[in-house]
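Chain by chain, the residues run as shown.
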Amino acid sequence: MNRTSASPGFDVVDLIRRKRDAGVLGGEEIDWLIEAYVADGIADEQMSAMLMAIFWQGLSSGELARWTEAMIASGEEVDLSSLSRPTVDKHSTGGVGDKISLVLAPLVAACGAAVPQLSGRGLGHTGGTLDKLEAIPGWRSSLEPDAILRQLDEVGCVICAAGADLAPADRKLYALRDVTGTVESIPLISASIMSKKIAEGTASLVLDVKVGDGAFMTDTQRAAELARTMVALGRAHQVKTVALLTAMDTPLGRTAGNALEVIEAVEVLSGGGPDDVVEVTLALAREMLSLAGIDADPALALADGAALATWRAMVVAQGGDPDAALARASHIETVRAERSGVVTRLAARPVGVAAWRLGAGRTRKEDPVSAAAGVVWLARPGDEVRAGDPVFELHTDDPDRMDRAREALAGAMEIGDEPPPSAPLVLDRVD
Ligand code: URA
């Protein structure tokens, strides 16, 4: 094993030891670590050890700022300064049934902002925005930089795959974190998300930090710490950043799955859709518009068809047919209520896992996903049900997947005698 790699004077093993023992890494050492790792000058096992040391010991705010800058500097920064509209984006840390980006980007664009949403693919039980949009026949996630700028000017929003040049260090580091148990680290998550958002060139950013059983931050305190860390990083890079902490104990809306979520998003864009999706979307839209300095009522843009028109224009601009019928699963089975009563709990994580097992999500980033697969829940907390009523629909093209999805859903819905107390969706705001 090469101890010093291609470095002038740094020894990766010394740096790992120092971080392991709660020491502080210097700025040039951090620059070198990221640069050398991207250039294959540091072995995966060495970077794995460094990531685990950071997982336990954390990074000081100075180290985190430098780590994030080094990740940004590993690729190209997008220049959106030629746009006439103010730019504002949103990032969600991921939840079950979270189709809000599909609604929010055209909604905020319809109110006058430019929304440059450069996204990655979903992994695990929370679905990815690109996978959802790819359920639309013809829709393309991959766009050239000048097409992105043109679309932002003409339509006002773009949701597309981040190019290979956007913070490439993150791609490599994230893949390593995924297989070394080092994803759930506040500084590493913050650097990962914010390096991509800062490199994307947006002037303002609203973060939707999900909290609860279906999110990867399950307690409010850690979610608030993540939010504060990301907001501080954004501000330090002149990106006006606000975070909302939103509840993810119950899945959002009524569906989890790619085509199923597109259909639900279009319902919301048409002025209808489930109340919880509308409420969180409007809360985020108001924050985005306020950061962009735009005085407009996003509820009006949902009601008067402006957001839907922008959605259609965005889909068409990326080769999709907004009127095409979406894939429908060849096999649909129902799960029925075991007793009569009122739904007291619907757990997000098992619903996400069931949708994933039905084929809606992927385990490895190169896996294909099914457009048609997913779960529909026909009752939510507070709804009354009778024994034998259908409460879930399982959608898949591969019937062999049904049993494992049913197993995931066992116990996901609790039915009792008293309605549950109503719980807020927006839990906190960090600015
Ligand atoms: N999403 C990201 O982009 N990075 C993380 O580290 C976690 C979630």
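Since the model is a prediction, treat every value here as computed from it, not as a measurement.

Draft legend 1. Layout of the overall build of the protein chain. Broken down by element type, the protein chain carries 16 helices and 13 strands. Taking 22 Å as the expected radius of gyration for a compact globule of 431 residues, we find that the protein chain reaches 22 Å, a close match to that expectation. For the protein chain, the spread of C-alpha atoms along the three principal axes comes to 70 × 45 × 40 Å. Counting only contacts in the protein chain whose residues sit at least 6 apart along the sequence, the fraction spanning at least 24 positions is 79%.

Draft legend 2. Layout of the layout of surface pockets. Considering only enclosed or pocket space, the second largest pocket measures out at about 660 Å³ in volume. For the second largest pocket, the lining is made up of 24 residues, of which Thr250, Arg380, Pro381, Ala423 and Leu425 are closest to its centre. Broken down by secondary-structure element, the contributors of at least two residues to the lining of the second largest pocket are α12 (275-292) and β8 (341-346). Its residues assigned to classes, the lining of the second largest pocket comprises 12 nonpolar, 4 polar and 8 charged.

Draft legend 3. How the structure looks around the site of the ligand. The local shell around the ligand consists of Tyr174, Arg177, Ile189, Ser192, Ile193, Lys196 and Phe216. Contact between the ligand and arginine 177: an oxygen atom at 2.9 Å from a side-chain N or O atom of the residue. Measuring from an oxygen atom of the ligand, one finds a side-chain N or O atom of lysine 196 at 2.5 Å. Compared with its free state, where it exposes 240 Å², the ligand has 87% of that area covered by protein.

Draft legend 4. Structural detail: empty space enclosed by the protein. Counted by the stated rule, this structure contains 2 cavities of 30 Å³ or more. In this structure, the second largest cavity spans a volume of roughly 50 Å³. Forming the boundary of the second largest cavity are Trp67, Met71, Asp170, Leu173, Tyr174, Arg177, Leu188, Ala191 and Ser192. Sorting the residues of the lining of the second largest cavity by element identifies α4 (61-73), α8 (168-178) and α9 (186-199) as the ones contributing at least two each. Broken down by element, the lining of the second largest cavity gets its largest block of residues, 4 residues, from α8.

Draft legend 5. Here's a closer look at the sheet that holds strand β7 (residues 331-336). The sheet built from 4 strands is open, its strands ordered β6-β9-β11-β7 with antiparallel pairing. Lying at the two open borders of the sheet, with one neighbouring strand each, are β6 (255-257) and β7. Looking at each pair of strands side by side, their axes are set apart by 15 degrees on average, direction ignored. For β7 and strand β11 (residues 390-396), the ladder comprises 6 bridges, and the chain directions are antiparallel. Residue arginine 336 lies in a different strand from β11, and its bridge partner there is proline 390. Contacts between helix α15 (residues 348-360) and the sheet are confined to β6, β9 (374-377) and β11, with β9 contributing the most and set at about 140 degrees to the helix.

Draft legend 6. Structural view of the domain arrangement of the protein chain. With domains assigned, the protein chain is organised as domain 1 (12-58), domain 2 (88-317) and domain 3 (331-416). For domain 1 versus domain 3, the distance between C-alpha centres works out to 42 Å.

Draft legend 7. Inspection of the nonpolar core at higher detail. If you look at the biggest cluster of nonpolar residues, it comprises 76 residues, and the most contacted ones within it are Val108, Trp311, Val351, Val375, Phe392 and Leu394. Element by element, the count of residues in this core is highest for α12, at 11 residues. Taken together, domain 2 (88-317) and domain 3 (331-416) each give at least three residues to this core, which thus spans both. Counting residues in each nonpolar core, the second largest holds 61 residues, with Leu33, Ile54, Leu143 and Ala224 among its members.

Draft legend 8. Expanded view of α9. Between its terminal C-alpha atoms α9 stretches 20 Å, which fits the 20 Å expected from 14 residues at 1.5 Å a residue. Of all 14 residues in α9, 13 are buried, a share of seventy percent or more. Phi turns positive, to about 90 degrees, at glycine 201, one or two residues after α9.

Draft legend 9. α8, seen in detail. Three or more residues of α8 are buried, namely Ala169, Asp170, Leu173, Leu176 and Arg177. Take α8 and look down its axis: the buried residues cluster within an arc of 135 degrees, on one side only. Looking at the buried residues of α8, the elements they touch are α2 (27-38), α3 (44-57), α4 and α9.

Draft legend 10. Here's a closer look at the environment of valine 209. For valine 209, the location among the structural elements is in strand β4 (residues 204-211). Sequence spacing of valine 209 and leucine 226 is 17 residues, and the spatial spacing of their C-alpha atoms is 8.0 Å.

Draft legend 11. The packing of aromatic side chains, seen in detail. Under the criterion given, the structure shown has 2 aromatic pairs. With a centroid separation of 5.6 Å and an interplanar angle of 40 degrees, the aromatic rings of phenylalanine 10 and tryptophan 32 are classed as tilted. A residue pair is termed long-range when its members are at least 10 positions apart, and phenylalanine 10 in the segment before α1 (12-20) and tryptophan 32 in helix α2 qualify at 22 residues. Across the pair, exposure class does not vary: phenylalanine 10 and tryptophan 32 are buried alike. Between phenylalanine 55 and tryptophan 56, the aromatic rings sit 5.3 Å apart at their centres with planes inclined by 80 degrees, giving edge-to-face as the arrangement.

Draft legend 12. Quick peek at the side chain of threonine 229. Examined against the element boundaries, threonine 229 turns out to sit in helix α10 (residues 220-236). Owing to a relative accessible area of 18%, threonine 229 belongs among the buried residues under this scheme. The residues contacting threonine 229, other than those within four sequence positions of it, are Leu64, Ile186 and Ser190.

Reading the values: the criteria
Residues numbered from 1 in each chain as written. Predicted model: local features only at pLDDT ≥ 70, side-chain atom pairs only at ≥ 80, totals over all residues. Heavy atoms only, no water. Helix = DSSP H or I, 4+ residues; strand = E, 2+ residues; numbered from the N terminus. Rg over C-alpha atoms; globule rule 2.2 N^0.38 Å. Contact = heavy atoms within 4.5 Å. 1 Å grid on protein atoms, 1.4 Å probe; cavity = no way out; pocket = protein on both sides within 12 Å on 5 of 7 lines; lining within 4 Å. Points joined across faces, edges and corners; volume = space filled by probe spheres on them. Nonpolar A, V, L, I, M, F, W, Y, C, P; charged D, E, K, R; others polar. Near = heavy atom within 4 Å. Polar contact = N/O pair within 3.5 Å; in protein donor to acceptor, adjacent residues only side chain to side chain. Areas by Shrake-Rupley, 256 points an atom, 1.4 Å probe, with all protein chains shown as cover. Pairing = 2+ DSSP bridges. Axes fitted to C-alpha atoms, helices over the stretch in contact; angles between N-to-C directions. Domains from an automatic or database assignment. Core = buried A, V, L, I, M, F, W, Y, C linked by side-chain atoms within 4.5 Å. Buried < 20%, exposed > 50% of the residue type's maximum accessible area, 1.4 Å probe, protein only. Expected span 1.5 Å × (residues − 1). Arc of directions from axis to C-beta. Phe/Tyr/Trp six-rings, centres within 6.5 Å; stacked < 30°, edge-to-face > 60°.

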